[in-house]
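# Inside the fold
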Amino acid sequence: MTMQLLAGASAAEEAQPATSPIAYVIQHVAFEGPGTLHGVLTELGYEVRVRLAGLDPLHLSALADGALLAVLGGPIGVAETATYPFLHEEKRLIRKWLELDRPLLGICLGAQLIAEAMGATVETLRSPEIGYAPLTLTQAGARSVLAPLAHLSVLHWHGDHASLPPGARRLAQTPATPVQAFASGEHVLGLQFHIEADHAAIEEWLIGHAVELRSAGVDPGVIRVQASEYGPALSSAGRAVLRAWLRRLPSLPSGLAPLPAVGAVNRGR
């Protein structure tokens, strides 16, 4: 991942009006970036702007020009607002995005945050689900954009899981996690698993999550082998899923109505 991708809002971004629809990506961990999602968004004509949770402003007015919001994963829980005060601001942003019916994608922690904002509960698993393993698509899932993932192993890396949000469609499950994916309308998609992760960079995950892996009794060598075996097919199918979802989104308006002005957010400092 390049330093340019990790950087927050730049002066150039602020000075030049966007000529393409803007996709904001909220990133919680340095090595869990947008991965293949970045390439697909660029391919389909989006300008991708990464915002680092806890460092960059996530209040509504800072992202008012966004046509799409993607919220990535991270090793914290949705309830840890006292420890990580930025979650208050991030949750407000997600709730407003839902109210405005703008396209919203959540992966892992991002899916849990969206599910909670929609009225679901988020709970801790008895043991973390880590490693490559297949999904079981529901009937709705088999007819959805997730169809390319049928019979494939995807990357799981989570210790919490969310219930099905009211009014949402359950698309996939595993024995440990009844709601591995959900959708609401055509514009909201939550994925508990990772289709965006670059299998060629799995070593970053194995190093960054070393403590979690030891605690869960997971051998990094097993995941390393799995990434080599299952990663290429998942990368191709993951891109197909993301393209299909993005292409189903309602036509982008020529101009977005501005978000209501909000005051400064107290970060607890």
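Residues numbered from 1 in each chain as written. Predicted model: local features only at pLDDT ≥ 70, side-chain atom pairs only at ≥ 80, totals over all residues. Heavy atoms only, no water.

## Side note on unusual backbone geometry
For clarity, the threshold we go by: Any residue under 20% of the maximum accessible area for its type is buried, any over 50% is exposed, and the rest in between are partly exposed; the area is computed with a 1.4 Å probe on protein chains only. Secondary structure follows DSSP: runs of H or I at least 4 residues long count as helices, runs of E at least 2 residues long count as strands, and numbering of each begins at the N terminus.
Non-glycine residue Asp101 carries a positive phi angle of around 60 degrees. Note on Asp101: relative accessible area 52%, which makes it exposed. One non-glycine residue, Cys108, lies in positive phi territory at about 60 degrees. Along the chain, Cys108 turns up in the loop between strand E4 (104–107) and helix H5 (109–117).

## A few points about empty space enclosed by the protein
This is how it is decided: Space inside and on the surface of the protein is sampled on a 1 Å grid over the protein atoms alone, with a cavity defined as a set of points where a 1.4 Å probe fits but cannot get out and a pocket as an open set with protein on both sides within 12 Å along at least 5 of 7 lines; lining residues have an atom within 4 Å of a point. Grid points are joined across faces, edges and corners, and a volume is the space filled by probe spheres set on the points. Classes in brief: Ala, Val, Leu, Ile, Met, Phe, Trp, Tyr, Cys and Pro nonpolar; Asp, Glu, Lys and Arg charged; the others, Gly included, polar.
Under the definition given, this model contains 1 cavity of 30 Å³ or more. Approximately 50 Å³ is the volume found for the largest cavity. What lines the largest cavity is Ala111, Gln112, Ala162, Val179, Gln180, Ala181, Phe182, Gly190, Leu191 and Gln192. Within the lining of the largest cavity, the residues separate by chemical class into 6 nonpolar, 4 polar and no charged.

## A closer look at the nonpolar core
Basically, it comes down to this: Note on terminology: a nonpolar core comprises buried Ala, Val, Leu, Ile, Met, Phe, Trp, Tyr and Cys residues joined through side-chain atoms within 4.5 Å. We call two residues in contact when some of their heavy atoms are within 4.5 Å.
Counting 49 residues, the largest nonpolar core has Leu146 and Leu149 as its most contacted members. With 8 residues, the top contributor of residues to this core is helix H9 (residues 220–248). Not counting the four nearest positions on each side in its chain, Leu149 is found in contact with Leu135, Val154, Phe193, Ile195, Leu234, Ala237, Gly238 and Val241. Residues Ile26, Leu87, Ala111 and Val179 belong to the second largest nonpolar core, which totals 30 residues.

## Topic: the pairing of strand E8 (residues 169–173)
Worth spelling out the cut-off: One requirement defines pairing of two strands: DSSP has to find at least two bridges between them.
Relative to E8, strand E6 (residues 136–137) is paired through 2 bridges, and the arrangement is antiparallel. Bridge pairing in E8 links Thr136 to Gln173. With 3 bridges connecting them, E8 and strand E9 (residues 181–184) associate as antiparallel partners. Bridging from a neighbouring strand, Arg169 pairs with Ala183 of E9.

## Thoughts on the packing of aromatic side chains
Here a ring pair, both rings aromatic, is described through the centre-centre distance and the interplanar angle of the planes. This is how the line gets drawn: Working definition: rings of Phe, Tyr and Trp (its six-membered ring) pair if their centres are within 6.5 Å, and the pair is stacked with planes under 30 degrees apart, edge-to-face with planes over 60 apart, and tilted otherwise.
Applying the stated criterion across every chain yields a total of 4 aromatic pairs. Here the aromatic rings of Tyr132 and Tyr230 are separated by 6.2 Å at their centres, their planes lie at 35 degrees, and the arrangement is tilted. A residue pair is termed long-range when its members are at least 10 positions apart, and Tyr132 in strand E5 (residues 122–134) and Tyr230 in helix H9 qualify at 98 residues. Under the relative-accessibility criterion, Tyr132 is labelled buried at 7%. What makes Tyr230 partly exposed here is its relative accessible area of 29%. Where Trp157 meets Trp205, the ring centres are 5.5 Å apart and the plane angle is 55 degrees; that geometry is what we call tilted. Taken together, the positions of Trp157 in strand E7 (residues 153–162) and Trp205 in helix H7 (residues 202–208) put the pair 48 residues apart, joining distant regions of the chain. An aromatic cluster is defined as three or more aromatic residues linked by ring pairs; in this entry it consists of Phe31, Trp157 and Trp205.

## Comments concerning the confidence of the model for the protein chain
Formally: Predictor confidence is given residue by residue as pLDDT, running from a minimum of 0 to a maximum of 100.
Put simply, the protein chain has an average pLDDT of 89, and 86% of its residues get 70 or more. pLDDT under 50 marks residues 1–12. Its contacts with residues more than four places away, or in other chains, come to 19 contacts. Scored below 50 in pLDDT, residues 257–269 shows 21 contacts in the model against residues more than four places distant or in partner chains.

## Overview of the packing of helix H4 (residues 86–99) against H5
Defined as follows: Here an axis means a line fitted to C-alpha atoms, over the contact stretch when the element is a helix, while the angle between two N-to-C directions is reported on a 0 to 180 degree scale. Throughout, a crossing is termed right-handed when the near helix is turned clockwise from the far one, and left-handed when it is turned anticlockwise from it by less than a right angle.
Their axes nearest at 9 Å, the elements H4 and H5 cross at an angle of 65 degrees. The interaxial crossing formed by H4 with H5 has right-handed handedness. Mapping the contact onto sequence places Leu87, Glu90, Lys91, Ile94, Arg95 and Leu98 in H4 and Leu113, Ile114, Glu116 and Ala117 in H5.

## Quick look at the sheet that holds E6
Spatially, the 8 strands line up as an open sheet ordered E2-E1-E3-E4-E10-E9-E8-E6, and their pairing is mixed. The outermost strands of the open sheet, each flanked by one partner alone, are strand E2 (47–52) and E6. When E4 meets strand E10 (residues 188–191), the two strands line up parallel, connected through 4 bridges. When the bridges of E10 are listed, Leu104 appears paired with Val188. Sitting on the sheet, helix H3 (residues 36–43) is in contact with strand E1 (22–27), E2, strand E3 (66–71) and E4, with an inclination near 145 degrees to E2. Docked against the sheet, H9 engages E3, E4 and E10, running at close to 155 degrees with respect to E4.

## Re H9
Put simply, the rule is: By definition, a residue's bend is the angle between the axes fitted to the seven residues ending there and the seven starting there. Here a polar contact is recorded for every N or O atom pair within 3.5 Å, except that within protein the pair must consist of a potential hydrogen donor and a potential acceptor, and residues adjacent in sequence are included only if both atoms are side-chain atoms.
At Tyr230, H9 shows its strongest bend, of approximately 50 degrees, with the proline Pro232 following within four residues. Along H9, the residues that are buried comprise Ile223, Gln226, Ala227, Gly231, Leu234, Ser235, Ala237, Gly238, Val241, Leu242, Trp245 and Leu246. One side-chain oxygen of the residue at the start of H9 lies 2.8 Å from the amide nitrogen of Gly221, identifying that residue as Asp219.

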